[in-house]
Amino acid sequence: MNTQTAYRTHTCGELRLKDAGKHVKLVGWARRVRVLGGVVFVDLWDRYGITQVVFNQQWDKDLYEQAREIDREFVIQVEGEVRERENKNPNIPTGDIEIKAASFKILSKSKVPPFIIEEHTDGGEDLRAKYRYLDLRRPPMQRNLIFRHRLLQFTRNWLSEKGFLELETPFLIKSTPEGARDFVVPSRLYPGHFFALPQSPQLFKQLFMISGFDKYFQIVRCFRDEDLRADRQPEFTQIDCEMSFVDQQDVMNTFEQFVADAFKSLLDYELEPFERMPYEEAMNKYGTDKPDTRFGILITDITKDVKGFGFKVFDTSEYVGALPVPDGSSITRKMWDHWEEYIKRVADVPGFFYVTWKDELKAKGPIIKILGEETVKELFNKSKVGPGDALIIMAGPWEKIVSALGTLRLHIAKELNLIPKDRFKALFVVDFPLLSWNEEENHWEPNHHPFTAPKESDIPILDTNPGKVKAKAYDLVINGVEIAGGSIRIHNQSLQQKIFDLLGLSKEEAYQKFGFFLEALQYGTPPHGGIAFGFDRLTAIMLGEETIRSVIAFPKNKSGRDPMLDAPAPISEEQLKELHIKIIEP
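Heads up: these notes are all about the structure in this document. Only a predicted model underlies this, so the values are computations on that prediction, with no experimental measurement involved.

Quick word on the sheet that holds strand β16 (residues 390–396)
Then step 1. The 5 strands lie next to each other as β12-β13-β16-β14-β15, forming an open sheet whose pairing is antiparallel. Where the open sheet ends on each side, the last strands, each with one partner, are β12 (300–301) and β15 (361–364).
Then step 2. Bridging between strand β13 (residues 319–325) and β16 involves 7 bridges; their strand directions are antiparallel. Within the sheet, the bridge partner assigned to Gly321 lies in β16 and is Met394.
Then step 3. Across the sheet, helix α10 (residues 333–347) lies against β13, β14 (353–357), β15 and β16, angled at about 150 degrees from β14, the strand it touches most.
Then step 4. Here helix α12 (residues 373–382) sits on the sheet and contacts β12, β14, β15 and β16; the angle it forms with β14, its principal contact strand, is near 90 degrees.

Listed below in structure tokens is the structure:
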């Protein structure tokens, strides 16, 4: 890589002991400035590394005096000789050398930064977001964005080598809200009409398949006006892919290989073969459709084991589940109370029973007295735990209780440090229900999106028992985080219309929203399917980051605002008038 320019001969991470004696020119930021006796030491930084520069008054008193003016984050140019360093620094690649300065020039001065620009900073998240351009100078942010670049390049090269074509889709489209809210864009030329920013290129990539481009991909920006969480942003990046003449296994096998190759190439990590886990198994064992399988605490269905003993809570509940707690007999009462308050707050459940087994069984509540010691010990055995451990027991509606136990499983595992930090486990969750019933609006809605194909064997029960129909859908989960989701698509217009009917969309509404697509389905549509990766999530998981904000250059904050730009912001009356928009105050 040639980095030589009019300003520099080398970067700040390039020089080694073999370069001793060379006259060089460096530029960068003064990361640290130390004045010790008659010597000024400057750690000169650029994105390639750090090189120590030395100004000694015994060599040049005037230059030394001038160097005392250098302060943190000044941009300077230095000329001098590479020499062996007396006090070597083994922690940096350039630690064997330093620059004996012969001249320097201040190219740009800096105010005192509002926080320390180092590996570990004293700046809070809000302050660093306001000065994001300074935060991006910090080593962890530099590493994250350089890794993001490498993953982008790997993705493009890998997919291109496999015959995928990188094709672009429009950003200004028609609003067809089907889940998250659209961001809308007013049209100046067509008053009262609006474009929308795409939540995904879903229909366009399906149109590419109809057009005969049998392998498509795009690294694309998407936009969703939704509430924020640690892994959500209003604008985000997808690796969007589609393939023709494929079944579910073809897509999963292709992108299992992509992920495995990415981990091997960029992290030198060998992923284990990806399990295919049915949705019902994921919910019953892990309490979530994105299970973290790095640790083995599993939920056990004990409904049949505890009914018939005269305990009303169990006898009248749809479901009773048990969650083992390894070494739970040593847990303090204070910790049990903390866990119970936590799950009451986050899952809206009345609480739980627990039983510990050390030398003897002890319980919160009347469980031992009602069920008897032998039955309780059988529950421990069924949950694959024994003396020294504990069981948490919850009862109520199946979906609510398994979800609560799944949430508690993760919370307890984090607090007890049961999750290995240096391990990656990936799997596909499959066999999702195609539809779920919306009680408030009294109609079915898609669990993925309305273009997902049902399993052929379940098509006969679409009319009679739609809730039991399974989808040809698949989610890729790594370490308990959904990284990608996809499905085989409907390629038959009549089946697509049937799904719209089930969703409560009349033919008129369907054609108003998706008429172009329904029309396209009549012109020889191949069987096709695809997948979309949350690129920010994939990057964050590979780097071990807790939030995707750490791997996005200029993210929005937790409130969906940009503190640096102070956006969103009002626009002028003149702009509003030009766009034929009137603001209605809330």
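Describing the pairing of β16
Sheet faces and side chains relate simply in a regular strand, where the side chains alternate between the two faces.
Then step 1. Counting buried residues along β16, 7 of its 7 residues qualify, which places the element largely inside the surrounding structure.
Then step 2. Burial of β16 is two-sided: the residues Ala390, Ile392, Met394 and Gly396 facing one way and the residues Leu391, Ile393 and Ala395 facing the other way are all buried.
Then step 3. Bridging between β14 and β16 involves 4 bridges; their strand directions are antiparallel. Directly across from Val355, in β16, lies its bridge partner Leu391.

Quick notes on the nonpolar core
Then step 1. Membership of the largest hydrophobic core comes to 98 residues, with the highest contact counts inside it found for Phe255, Ile392 and Phe533.
Then step 2. Considering every element that reaches this core, the biggest residue donor is helix α6 (residues 248–267), with 8 residues.
Then step 3. Setting aside residues no more than four positions away along its own chain, Ile392 makes contact with Gly321, Ala322, Leu323, Val325, Trp336, Phe352, Phe353, Tyr354, Leu405, Leu408 and Ile412.

Concerning helix α16 (residues 535–543)
Then step 1. Judged by how many residues are buried, α16 sits mostly within the fold: 8 of 9 residues are covered.
Then step 2. What α16 keeps buried is the set Phe535, Asp536, Arg537, Leu538, Thr539, Ala540, Ile541 and Met542.
Then step 3. Looking at the buried positions of α16, the neighbouring elements they touch are α4 (139–161), β10 (235–244), α6, β20 (473–478), β21 (481–488) and β22 (528–534).
Then step 4. After α16 finishes, the residue Gly544 shows a positive phi value of roughly 75 degrees.

Rules and cut-offs
Residues numbered from 1 in each chain as written. Predicted model: local features only at pLDDT ≥ 70, side-chain atom pairs only at ≥ 80, totals over all residues. Heavy atoms only, no water. Pairing = 2+ DSSP bridges. Helix = DSSP H or I, 4+ residues; strand = E, 2+ residues; numbered from the N terminus. Contact = heavy atoms within 4.5 Å. Axes fitted to C-alpha atoms, helices over the stretch in contact; angles between N-to-C directions. Buried < 20%, exposed > 50% of the residue type's maximum accessible area, 1.4 Å probe, protein only. Core = buried A, V, L, I, M, F, W, Y, C linked by side-chain atoms within 4.5 Å.

Take it as geometry only, folks, not as evidence of what the structure does.
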